[in-house]
Amino acid sequence: REMADVFDAEYVSLHVRKSNRAAFHLYNETLKYEINDVEKGYYADGEDAYDMRCTFRVNGKPVGEYARLCGEEEETKVSAAKEMEDIGQKVQSVEIAG
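Residues numbered from 1 in each chain as written. Predicted model: local features only at pLDDT ≥ 70, side-chain atom pairs only at ≥ 80, totals over all residues. Heavy atoms only, no water.

### Some thoughts on the packing of aromatic side chains
In plain terms, the rule: Here a pair means two rings of Phe, Tyr or Trp (six-membered ring of Trp) with centres within 6.5 Å. Their orientation is stacked below 30 degrees between planes, edge-to-face above 60, and tilted elsewhere. Per the convention used, a helix needs a DSSP run of H or I reaching at least four residues, while a strand needs a run of E reaching at least two, with both numbered from the N terminus. When a residue's accessible area, from a 1.4 Å probe over protein chains only, is under 20% of the maximum for its type it is buried; when over 50% it is exposed; and in between it is partly exposed. Sitting over a ring, as applied to charges here, requires NZ of Lys or CZ of Arg to be within 6 Å of the ring centre and within 35 degrees of the ring normal.
All told, the structure shown has three aromatic pairs when counted by the stated rule. Relative to tyrosine 50, the ring of phenylalanine 24 has its centre 5.2 Å away and its plane inclined at 45°; by these criteria the two rings are tilted. Of this pair, phenylalanine 24 sits in helix α2 (residues 21-30) while tyrosine 50 sits in strand β3 (residues 49-55), and the two are 26 residues apart along the sequence. Looking at phenylalanine 24, the relative accessible area reads 23%, which means it is partly exposed. What makes tyrosine 50 buried here is its relative accessible area of 17%. The ring of tyrosine 43 has arginine 17 lying over it, and the distance from NZ or CZ to the ring centre is 4.0 Å. A cation sits over an aromatic face here: arginine 53 above tyrosine 11, 4.0 Å from the ring centre.

This is the structure we're talking about:
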């Protein structure tokens, strides 16, 4: 929460070895990080890494655990993604019309 409040961060990210089940469980199940991507050969020994993120805000609106901690209504990622899609379509139609 401090990262969101103090630094106005939208998310924090980290890398976890694919073979590190304990770390993956901690970040995914306990701290609610989600896999953003898989980085092939990230580590010096060639092992892949999960690029994991804990998202605080989407379009400036609180999501997930951060929304609960703030006592605010959660903006779901699905509705935020739909909003961004709608904005993208509007921009595209303006470009076409313009």
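### Section: the pattern of salt bridges
For clarity, the threshold we go by: For salt bridges, the criterion is a side-chain nitrogen of Lys or Arg within 4 Å of an Asp or Glu carboxyl oxygen.
Applying the stated criterion to the full structure yields three salt bridges. Between arginine 17 and aspartate 45 there is a salt bridge; the shortest N-O distance is 3.1 Å. Of the two residues, arginine 17 sits in strand β1 (residues 11-17) while aspartate 45 sits in the loop between β2 (34-39) and β3, which places them 28 residues apart along the sequence. Note that lysine 40 is salt-bridged to aspartate 48, the shortest N-O span being 3.6 Å. When its relative accessible area of 66% is taken as the criterion, lysine 40 is described as exposed. Overall, the relative accessible area of 17% leaves aspartate 48 in the buried class. Put simply, Arg17, Asp45 and Glu47 are held in one network by salt bridges that share partners.

### Notes on the confidence of the model for the protein
What counts is decided by this rule: As a per-residue measure, pLDDT tells how confident the predictor is, with possible values from 0 to 100.
Across the protein, the average pLDDT comes to 75, with 54% of residues at or above 70. Element-level pLDDT for the protein is lowest in helix α4 (residues 77-97), with a mean of 53, against a maximum mean of 94 in β2.

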